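Summary of the model geometry
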Amino acid sequence: MLDLGLFYFFGALAVVGAVLTVLARNVVHSAVYLITSLLATAGIFLLLKAQFLFAVQIILYVGGIMVLFIFVIMLVNLEVALHQLRFNRQKWVAGLLVLALAVQLGIAISGGSDTFGLGMNSSGRLSPENTEQVGQRLFGQYMVPFEVASILLLVAMIGAVVMGKKRI
Amino acid sequence: MAVLDYMLQQNWLWPLVCAVVIVAVLPLLAGYVVLMERKVMADMQARLGPMRVGPHGLLQPIADALKLLIKEDIIPQKADAVIFWLAPLLSVTAAMLAYSALAFGPAFQIAELNIGLLFIVAVSAMGVYGIVLGGWASNSHYSLLGALRSTAQVISYETAAGMALISGVMLAGSLSTRQIMDAQTSAGFWFVLLNPIGFFIYLVASIAETNRAPFDMPEAESELVAGYMTEYSGFRWAIYFLAEYANMIVVAGIATTLFLGGWARPFASIAALNFLDYIPGVVLLGVAGYCFYRAPKQPVAAQKITLALFGGLCLLLAVILSGAAAAPQQYQAAREGILGGAWFLAKVGAYLYSFMWFRFTFPRFRFDQLMKLGWYFLIPLSIVNVIAIGGGLILEKEMGWGRFMALLPANVFTLAVAWFLVRNSLAQEKTVAAGLAGEAEG
Amino acid sequence: MIPTSHYLFLSLALFTIGVIGVVTRRNVIIILMSIELILNAVNINLVAFAHHWGNVDGQVFAIFVITDAAAEAAVGLGIIIAFFRNRETLLADEMDLLKW
């Protein structure tokens, strides 16, 4: 009961935040709404018993990526952006096509929910030592992707620094 | 105690009581930490500090709070009103949320999370938004620059602080505050003895995290007016100030939990040293004695009475603590609670005193020096510290050495790397200055 | 207990909103933020299935997705800054140097 209430609360917060992100005129407001949506997603992770991911989402996404976004928004702050058109010329066709895609995916989920037992409650086999389990998987079975991800981060760091320089 | 047991069984009641106590006490405590800082600053500058408002200035925080509450609330004209209103709230919410995972005593903890330390780091990372959004919403150049500088400083030192915490967590084997403290009491050594460089890195990084001197370039008055807080006045500024001091107490709490043994006494596992339980009582007795000795020598009658009362209070606390230390086994829970609270407060107080000591001793870092220290010295050192502690733990596991002996080579290695980094990365200023001096002469 | 399909529909909603943001808005930074929304929706999906099947592989994959999102956001924002320095514009419609 409390679970369902929390799910609807966080879910509504995430969706409302996302809608306002896409619709806001002021880019900083958009970023704040995205932060709200990401925090709500972290709450969803906590509901799904993914405690480590909850903390990682807040540290990395909200505390890292969005700070980067806000820095860049403030560096390229344009007063004129507040008076320009928000949406481009293809908005109606694009919106329609995306909604068609969404309807298709929705049909896929609801149609397949019997096959995978998606309508039932979950197996509930996750244990409280979530961090230990994630650590064991990450450094055991998924060691190679971990190393590749670290190389990716190194490359991204170099790329971002080069992109930010005034004279290369 | 049946009522107490019943209440503790409702597992929402005790956390609620703890939360209410913390939220109620914290603004007052932060105010008195400000007074303590002003008194310490005065002491180090050979003067007396606030003495007028109330005896020995003890009512100064209340006067300050009243003044800030009745000040006019000014919002700049073109400021973004919603974000202007939201930014201080974000700061103080992030600072206060971190209190929910800290253990102030054996029973006085709001939530025993098994990702406790990670939760505190995550929530403290949210405090950055109070700074950057506040600076932007003020619609002022100084505020924006101060906010961007402050944010850059905080996120740079967050990495080093996190790595230092990781090295401590490796020693503890868990992220939960209760298990970290159990690891320290069962091993006998506080982690500051096993991992002193990690403690040092966390000390420096936490000073930079909370924008305290010598890393307070973004809010120094001679530099950027008041940085991101320039346009905030009255109660909004008080909220920012409360957030800053609450943050200080949080990082002191984290350092105490992870490195200084939390609310346990030194060498808690060795029964032969049980007499150390009496240390808080004896120290307070000494303080009471000093108060009674100085009380007759005060010039003003109000100060005499205040000192005598304070001495009496210290005497009472000393009696309570000694009684708790001497209590028989059946009162174990109450005994641990009282003594644990005293030890935790003492350690947090010592950490905060060191913050204040550093503030009034070291000159301010220039912003590029600050960033250089963070990126070129602290982050490599913290990474090397993690690797070295890992190596030390392998030595302990594979070769069966004792923990202290196994980590000794690790610490020596990290110290050597630190010396190397200081010589090579941080010494370039000297080269530039020497070059300029050479040019000036020649 | 909450059925997994609820989480999947939430993920679908966030994904849709993100895609609408990408194909509809003109400001490049908002487009990047909508991409972050899409990645977020995928994360919810992954973690919901990790919860459904009872193993943490989905959560590990979600960690990798977050890492990739960080890398991509950093490089993308660097490109935006570099472009802004040259062209003074942030609108996707006006970034048409390669068109004939």
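The coordinates are above.
Residues numbered from 1 in each chain as written. Chains lettered and ligands numbered in written order. Predicted model: local features only at pLDDT ≥ 70, side-chain atom pairs only at ≥ 80, totals over all residues. Heavy atoms only, no water.

Quick word on the overall build of chain C
Put simply, the rule is: The helix and strand labels rest on DSSP assignments: H or I over at least four residues marks a helix, E over at least two residues marks a strand, and numbering proceeds from the N terminus. Here the globule rule reads 2.2 Å times residues to the power 0.38, and the radius of gyration is calculated from C-alpha atoms. Partly exposed residues are those whose accessible area sits between 20% and 50% of the maximum for their type, while under 20% is buried and over 50% is exposed, using a 1.4 Å probe and protein chains only. Two residues qualify as a contact provided that any one of their heavy atoms is within 4.5 Å of a heavy atom in the partner residue. Surface exposure here means Shrake-Rupley accessible area, sampled with a 1.4 Å probe, where a residue is shielded only by the protein chains that are shown.
Looking only at helices and strands, chain C has three helices and zero strands in total. For chain C, the succession of helices and strands along the chain, N to C, is α-α-α. For a compact globule of 100 residues, the expected C-alpha radius of gyration is about 13 Å, and chain C comes in at 17 Å, more than 25% above that figure. Referenced to the eigenvectors of the C-alpha coordinate spread, the extents of chain C come out at roughly 55 × 25 × 20 Å. Counting over 100 residues, chain C shows a buried share of 64%. Counting only contacts in chain C whose residues sit at least 6 apart along the sequence, the fraction spanning at least 24 positions is 54%. Total accessible area on chain C stands at roughly 3700 Å², and carbon and sulfur atoms take up 67% of it.

Focus on the pattern of salt bridges
Cut-off, in case you're wondering: One speaks of a salt bridge when a side-chain nitrogen belonging to Lys or Arg is within 4 Å of a carboxyl oxygen belonging to Asp or Glu.
Under the defined criterion, the tally for this structure stands at nine salt bridges over all chains. One salt bridge in this structure joins Arg 212 of chain B and Glu 37 of chain B, with 2.9 Å as the shortest N-O distance. On the criterion of sequence distance, the pair formed by Arg 212 of chain B in the loop between helix H10 (196-209) and helix H11 (221-224) and Glu 37 of chain B in helix H2 (residues 13-44) is long-range, its members being 175 residues apart. The class for Glu 37 of chain B is buried, based on a relative accessible area of 2%. Between Asp 93 of chain C and Arg 26 of chain C there is a salt bridge whose closest N-O contact spans 2.7 Å. Of the two residues, Asp 93 of chain C is situated in the segment after helix H3 (57-87) and Arg 26 of chain C in the loop between helix H1 (4-24) and helix H2 (28-53); the sequence distance between them amounts to 67 residues. Exposure remark for Asp 93 of chain C: the relative accessible area of 34% places this residue in the partly exposed category.

Here we look at the packing of aromatic side chains
Applicable threshold: Only Phe, Tyr and Trp rings are paired, with Trp represented by its six-membered ring, and only when their centres lie within 6.5 Å; those with planes under 30 degrees apart are stacked, over 60 edge-to-face, the remainder tilted. Placement of a charge over a ring requires the Lys NZ or Arg CZ to be within 6 Å of the ring centre, with the centre-to-atom vector within 35 degrees of the ring normal.
A full pass over the atoms with the stated rule returns 22 aromatic pairs over all chains. Their ring planes at 90 degrees and their centres at 5.0 Å tell us that Tyr 232 of chain B and Tyr 240 of chain B sit as a pair that is edge-to-face. An identical accessibility class is assigned to Tyr 232 of chain B and Tyr 240 of chain B; each is buried. Through a chain of ring-to-ring contacts, the aromatic side chains of Trp 14, Tyr 99, Phe 104, Phe 108 and Phe 344 of chain B assemble into a single cluster. A cation over an aromatic ring shows up here: Arg 25 of chain C above the ring of Phe 87 of chain A, its NZ or CZ 5.6 Å from the ring centre.

Quick word on the interface of chain C and chain A
Accessible area lost during the coming together of the parts is what is often quoted as the interface size. Using the following cut-off: We define buried area as the total accessible area lost by two parts upon association, computed with a 1.4 Å probe and summed across both. Under the rule applied, a polar contact is a pair of N or O atoms within 3.5 Å (in protein, one hydrogen donor and one hydrogen acceptor; residues adjacent in sequence only if both atoms are side-chain atoms).
The interface is formed by 71 residues belonging to chain C together with 87 residues belonging to chain A. For the pair chain C and chain A, the two sides together bury roughly 7000 Å², of which 76% comes from carbon and sulfur. Looking only at chain C, the three residues that lose the most surface to chain A are Arg 25, Met 33 and His 51 of chain C, adding up to 9% of its buried area. The tally of links between chain C and chain A comes to one salt bridge. At the boundary of chain C and chain A, one finds 12 residue pairs in polar contact (both at pLDDT 80 or more).

Let's talk about the packing of helix H6 (residues 127-137) of chain B against helix H7 (residues 141-172) of chain B
Residue and element names in this part refer to chain B. Note the threshold: The axes are straight lines fitted to the C-alpha atoms, using for helices just the contacting stretch, and the angles between their N-to-C directions are given from 0 to 180°. Just so you know how the angles are binned, under 35 degrees is roughly parallel, over 145 roughly antiparallel, 65 to 115 roughly perpendicular, and the rest oblique. The sense of a crossing depends on the near helix, which, turned anticlockwise from the far helix by less than a right angle, makes the crossing left-handed and, turned clockwise, makes it right-handed. Only Asp, Glu, Lys and Arg are considered charged in this grouping, and only Ala, Val, Leu, Ile, Met, Phe, Trp, Tyr, Cys and Pro are considered nonpolar; every other residue, Gly among them, is considered polar.
Where H6 contacts H7, the axes come no closer than 7 Å and their chain directions differ by 165 degrees. With respect to H7, the element H6 is oriented roughly antiparallel. Remark: the crossing between H6 and H7 carries left-handed chirality. Residue-level inspection shows Val 128, Ile 131, Val 132, Gly 135 and Trp 136 of H6 in contact with H7, the latter providing Ser 143, Leu 144, Ala 147, Leu 148, Ser 150, Thr 151, Val 154, Ile 155 and Glu 158. For the contact of H6 with H7, the class distribution of residues is nine nonpolar, four polar and one charged.

Here we look at the packing of helix H2 (residues 27-47) of chain A against H2 of chain C
At a closest axis distance of 11 Å, the pairing of H2 of chain A and H2 of chain C adopts a crossing angle of 5 degrees. Here H2 of chain A is positioned roughly parallel relative to H2 of chain C, judged by the angle of their axes. Residues Val 27, Ser 30, Ala 31, Leu 34, Ser 37, Leu 38, Thr 41, Ile 44 and Phe 45 of chain A of H2 of chain A touch H2 of chain C, and the partners they reach there are Ile 29, Ile 30, Met 33, Glu 36, Leu 37, Asn 40, Asn 43, Ile 44 and Val 47 of chain C. Here the residues of the contact of H2 of chain A with H2 of chain C are counted per class, giving 12 nonpolar, five polar and one charged.

Quick word on the side chain of Thr 256 of chain B
The residue Thr 256 of chain B is located in helix H12 (residues 235-258) in this model. Those residues in contact with Thr 256 of chain B that lie beyond four places of it in its chain are Gly 261, Gly 262, Phe 344, Lys 347 and Val 348 of chain B.

Description of the nonpolar core
Threshold: Joining through side-chain atoms within 4.5 Å is the link that ties buried Ala, Val, Leu, Ile, Met, Phe, Trp, Tyr and Cys residues into a set, and such a set is a nonpolar core. Throughout the structure description, domain borders are defined by an automatic or database domain assignment.
Ranked by internal contacts, the top residues of the largest apolar core, which has 180 residues, are Met 66 and Phe 69 of chain A, Tyr 129, Leu 133 and Tyr 202 of chain B together with Ile 29 and Met 33 of chain C. Broken down by element, the residue count for this core peaks at 17 residues, all from helix H3 (residues 51-75) of chain A. Viewed by domain, this core spans two of them, domain 1 (1-83) and domain 2 (127-168) of chain A, each represented by three or more residues. Formed by eight residues, the second largest nonpolar core is a distinct cluster that contains Leu 284, Ala 318, Leu 321 and Ala 325 of chain B.

Focus: the interface of chain A and chain B
Every contact between the two is made by 23 residues of chain A and, on the other side, 22 residues of chain B. Of the roughly 1900 Å² buried where chain A meets chain B, counting both sides, 80% is carbon and sulfur surface. When the buried area of chain A at its contact with chain B is split by residue, Ile 59, Phe 71 and Met 74 of chain A rank highest and sum to 29% of it. Where chain A meets chain B, there are three residue pairs in polar contact (both at pLDDT 80 or more). Elements with a minimum of two residues in the side of chain A that touches chain B: H2 and H3 of chain A. With 13 residues, H3 of chain A is the single largest residue contributor to the side of chain A that touches chain B. Taken together, the residues of the side of chain A that touches chain B break down into 16 nonpolar, six polar and one charged.

Brief notes about a nonpolar patch on the surface
Residue and element names in this part refer to chain B. Defined as follows: Patch membership requires over 30% relative accessible area and the absence of a salt bridge. Like charges are linked within 9 Å, and nonpolar side chains (Val, Leu, Ile, Met, Phe, Trp, Tyr) within 5 Å.
A surface patch of nonpolar side chains, about 720 Å² in accessible area, is lined by Ile 279, Val 283, Val 287, Phe 310, Leu 313, Leu 316, Leu 317, Ile 320 and Ile 338. Elements supplying a minimum of two residues to the nonpolar patch: helix H13 (279-294) and helix H14 (301-325). For the nonpolar patch, the leading source of residues is H14, giving five residues. If you trace the backbone, Val 283 turns up in helix H13. Taking the relative accessible area as the measure of exposure, Val 283 reaches 48% and is therefore partly exposed.

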